[in-house]
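# Survey of secondary and tertiary structure
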Amino acid sequence: MSALPKPIDHARAGLETSPGANSRLRKLGHAAREEWKGAPYTVRISVACLLVFYLFAAASPTIAPYDPTQQYRNLPDCPPMRLHLAPPSEWTHGLLYAYPMTMADAMARRFAEDRGHRIWIRFFHRGHLFTTDSPTEPYFMLGSENLGRDLFSRIVYGARVSMCIGLVGVFISFSLGITIGAFSGLMGGMTDNLIMRWCEIEMSLPSFYFLLALAAVIPSGMSTVATFFMIVAIMAFISWAGFARVIRGMAASVRSAPFVDAGRALGASRTRLLVVHVIPTVLGFAAVNASLSIPGYILGESSLSLLGLGIQEPAASWGNLLSQAMDPQNIEHYPWVLIPGIFISIAVMAFNFLGDYMRDRLDPGSLR
Amino acid sequence: MARFLIKRILIMIPLMLGITFISFIAMSLVPGNFVSNLALDPHISPQVIKQMEAEFGLDQPLMVRYLRWLWQVMHLNFGISIAYRVNVTNLIAERAVNTVLLSLASMVFSWALAIPIGIIVAVRQNSLIDRGLSFFSFLGMSVPAFFLAFLAMDFALWSGVFPVGGTFSPDYAALDAWSKVADRVNHLILPTLVLGVAGVASLMRLMRSQILEIKNSEFVRTARAKGLPERTVLYKHVLRNALNPFVTMAGYGLADLLGGAALVETVMNLQGLGLLLLGAVRSLDVPLVMGSVLMGTILLLVGNLLADIALVAVDPRVDFSTLASQ
């Protein structure tokens, strides 16, 4: 973002803390509120979107109105249903309703609203955030896919894969990168040299080609969880090297900084220097880098699943939901198959905005 | 220069060995092989299967297969694709042309657009135009290339101006030379735009931040103090220095470009290296996978090398001895 963010008023934040058991927590909450107020709208919207998506992942059975594998065989490729607001006189009956769809042309899969009959939307009903009276008469908020499964429910469940892959992947490549990077910087000499040469090799891989070749290892019969971890492992294996290199460079440069020298002069042990002085300095950068590298994982998983090499049906991920759009005919006749792609784009954009803002906050000197 | 080149080429050797070996292991970890898929067909007798396995050496242990393959590659023989029954070299050469064309075209497109936009945006920092374009650059960076490719396909279907995917028209063989070129170009336009959008966005941001950083440096102040007109300061002093990382980016951006191209090729059914590799991975056509991975690596390494050489040519502060010692 172009505008420099306002620095937080730490003095004021400090003044309002009162001594007590939860004062640290309150201080943290206060700092978070101040941070929120200082953030531009793009960042606030990004954070809100990410929270919603993670809520999708955490509470999918409640948020999804239907079972993601439930097939409504008479409603394949059904368009999103229009919501109607009931007139106030009928509010005792329900607030929102939709008309059920019936197939008008089975060959072209064209649907028509059946105006004679209403499907009422019920909130907090049968353990779902919103759903319909009977599970046999569905309301498709975002339409259905070619097997008649509710697209919105599948997107909600797909968030589990798509939103978690970034976190797990970053966690793995992060821990590998920090450990190996710090180790390499600490050892120096031949070990350092060898590790860094290896990192360079990994960094000059044609990563997507390599990803494709490695993804062939994943057997199609494997469970979704196993496949998920295989994909994460492959991507983390490709991406930890860049991390390690930068961490090593930072650790090496911080090691000779005056404040570390001061610590050393005061007799701090090597471990203490590393844990108290070096790692916290690197951590801010690492957090920014993590947030900016999550989109890579999301996109990597979606690309693989899109090509049929990642998460397999009937499990849902945003990538394999989008694979229906591989056929241009589908996009033309059932444009709602593109909706999962919009979710992917929003998630990626939100992480980009967040990471960029974090970089500005932590390093106001750079205008990037 | 010679020392630098020799060193770089020597580094490439273990790199390629490592990459091909890992890919080879990965392919062999998959249960079954190309021939065992054929064995499911009751019309093919077990004898034929055995014969094919022997022909392609699939009955040998892993290390033997890898070393055999390596030996052949050293003689510039990449083997025969099991699926296509064609020499892998010919197959890859034919497809790589499309991928290289697509990557280069989208690179030219994104540079031609990103540099001027970056300059405009940096000169008018914090203006409405800056904020607007910065937002769009975020949008361009965030929308995945495959999603854009879907939209482009939809656009092609809807407008009818561009062909809906593919490499050339069905009547390609019957066309005369110029129409053939025009047909190819026509099929490349949409993929180029799709692949280039993300490039425009990120390069524009890089250009902007570069100019803003250099604008505040001492030599620019000196140039202004000398009374040089603002135009000269911008184009002769700021811009020349701001372009440096672009030269490096040109080489190292190739990896992203190749990866992005692979996806766009697949979605838009453009017969390139990525689509070829995907098919080969799916059918466990080991010689073809190995050839494609090796080809992608070579493209990437040569691109990086060229970028470093170009950097020496552009930046007088960098010479081969500093590059070689890195």
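Residues numbered from 1 in each chain as written. Chains lettered and ligands numbered in written order. Predicted model: local features only at pLDDT ≥ 70, side-chain atom pairs only at ≥ 80, totals over all residues.

## Concerning the overall build of chain B
Our working rule: Numbering of helices and strands runs from the N terminus, with a helix taken as a DSSP run of H or I at least four residues long and a strand as a DSSP run of E at least two residues long. Think of it as a crowd count around each C-beta: if 20 or more other C-beta atoms lie within 10 Å the residue is buried, if 12 or fewer it is exposed, and in between it is partly exposed, with C-beta placed from the backbone throughout. A pair of residues counts as a contact when their C-beta atoms, built from backbone coordinates, are separated by no more than 7 Å.
Each helix and strand in chain B was counted, giving 15 helices and zero strands. Here the C-alpha coordinates of chain B stretch approximately 85 × 55 × 40 Å along the principal axes. Taking all 326 residues of chain B together, 35% fall into the buried category. Expressed as a percentage of contacts within chain B between residues at least 6 apart in sequence, the contacts between residues at least 24 apart total 71%.

## As for the interface of chain A and chain B
Where we set the bar: In the scheme used here, Gly and all other residues not listed as nonpolar or charged are polar, with Ala, Val, Leu, Ile, Met, Phe, Trp, Tyr, Cys and Pro taken as nonpolar and Asp, Glu, Lys and Arg as charged.
Taken together, the contact pairs 36 residues of chain A with 49 residues of chain B. When residues of the side of chain A that touches chain B are traced back to their parent elements, those giving at least two are α7 (207-215), α10 (270-306), α12 (328-333) and α13 (339-362) of chain A. In terms of residue class, the side of chain A that touches chain B is made up of 26 nonpolar, eight polar and two charged.

## Some thoughts on the packing of α7(A) against helix α1 (residues 2-29) of chain B
Where we set the bar: Under this scheme, a helix contributes an axis fitted over its contacting stretch, all axes are lines through C-alpha atoms, and angles between N-to-C directions fall in the 0 to 180 degree range. For classification, angles of less than 35 degrees are called roughly parallel, those exceeding 145 degrees roughly antiparallel, those between 65 and 115 degrees roughly perpendicular, and all remaining angles oblique.
It is the contact of α7(A) with α1(B), at a shortest axis distance of 8 Å, that shows an interaxial angle of 30 degrees. Put simply, α7(A) runs roughly parallel to α1(B). Together, A:F210, A:A213 and A:L214 of α7(A) and B:I19, B:S23, B:A26 and B:M27 of α1(B) make up the contact between the two elements. Class assignment for the residues of the contact of α7(A) with α1(B) results in six nonpolar, one polar and no charged.

## Concerning the confidence of the model for chain A
All names here are of chain A. Keep this limit in mind: Per-residue confidence from the prediction method is given by pLDDT, with values spanning 0 to 100.
On average, residues of chain A carry a pLDDT of 80, and 91% of them reach 70 or more. Confidence, read as mean pLDDT per element, is least for helix α1 (residues 10-15) in chain A (47) and greatest for helix α3 (residues 41-58) (92). When the criterion is pLDDT under 50, residues 10-18 qualifies, and its contacts beyond four places in sequence or with other chains add up to 10 contacts.

## Considering α10(A)
Rule in force here: Think of it this way: the bend at a residue is just the angle between two axes, each fitted to seven residues, one set ending at that residue and the other starting at it.
The sharpest bend along α10(A) comes to roughly 40 degrees, located at A:I279, with the proline A:P280 sitting one to four residues further on. Residue A:G308 follows α10(A) closely and has a positive phi angle near 85 degrees.

## Thoughts on the pairing of strand β6 (residues 128-132) of chain A
For a regular strand, side chains alternate in direction, first toward one face of the sheet and then toward the other. Residue and element names in this part refer to chain A. The following threshold applies: A strand pair is defined by DSSP finding two or more bridges across the two strands.
As paired elements, strand β5 (residues 119-125) and β6 share four bridges and run antiparallel to each other. Bridge assignment links R122 to a residue of β6, and that residue is T131. Taken together, β5 and the strand that follows it, β6, pair antiparallel across an intervening segment of two residues, in which R126 is found at a positive phi of about 50 degrees.

## What about the sheet that holds β6(A)?
Taken in spatial order, the four strands make up an open sheet running β1-β2-β5-β6 (chain A), and their pairing is antiparallel. This sheet does not close on itself; its edge strands, each paired only once, are β1 (84-85) and β6 of chain A.

## Section: the packing of helix α8 (residues 177-215) of chain B against helix α10 (residues 230-242) of chain B
All names here are of chain B. Operational definition: Each crossing is labelled by how the near helix is turned from the far one, with a counterclockwise turn of less than a right angle marking it left-handed and a clockwise turn marking it right-handed.
Across the interface, α8 lies against α10 with an axial gap of 9 Å and an inter-helix angle of 130 degrees. With respect to α10, the axis of α8 lies oblique. Crossing hand, α8 versus α10: right-handed. Between α8 and α10, the contacting residues are M207, Q210, I211, I214 and K215 on the first element and V238, N241 and A242 on the second. The class makeup of the residues in the contact of α8 with α10 is five nonpolar, two polar and one charged.

## Considering the environment of A:V254
All names here are of chain A. By the secondary structure assignment, V254 is in helix α8 (residues 224-255). On the neighbour-count criterion, V254 (19 C-beta atoms within 10 Å) is partly exposed. Taking the C-alpha atoms as reference, V254 lies 8.5 Å from V282; in sequence the two are 28 residues apart. Sequence-distant contacts of V254, that is, excluding residues within four places in its chain, are made with V260, V278, T281 and V282.

## As for the nonpolar core
What counts here: By convention the nonpolar core is taken to be a set of buried residues drawn from Ala, Val, Leu, Ile, Met, Phe, Trp, Tyr and Cys and joined through C-beta atoms within 7 Å.
Counting residues in hydrophobic clusters, the biggest one holds 164 residues, and the most contacted among them are A:L211, A:A213, B:A149, B:L277 and B:V289. With near-sequence residues (within four places) excluded, B:A149 lies in contact with B:V194, B:V264, B:V267 and B:M268.

## Here's the deal with the environment of A:Y66
Residue and element names in this part refer to chain A. Within the fold, Y66 resides in the loop between α4 (60-63) and β1. Under the C-beta neighbour-count criterion, Y66 is labelled buried, with 21 such atoms within 10 Å. Beyond its immediate stretch of four places on either side in the chain, Y66 contacts T131, P135, P138, D150 and S153.

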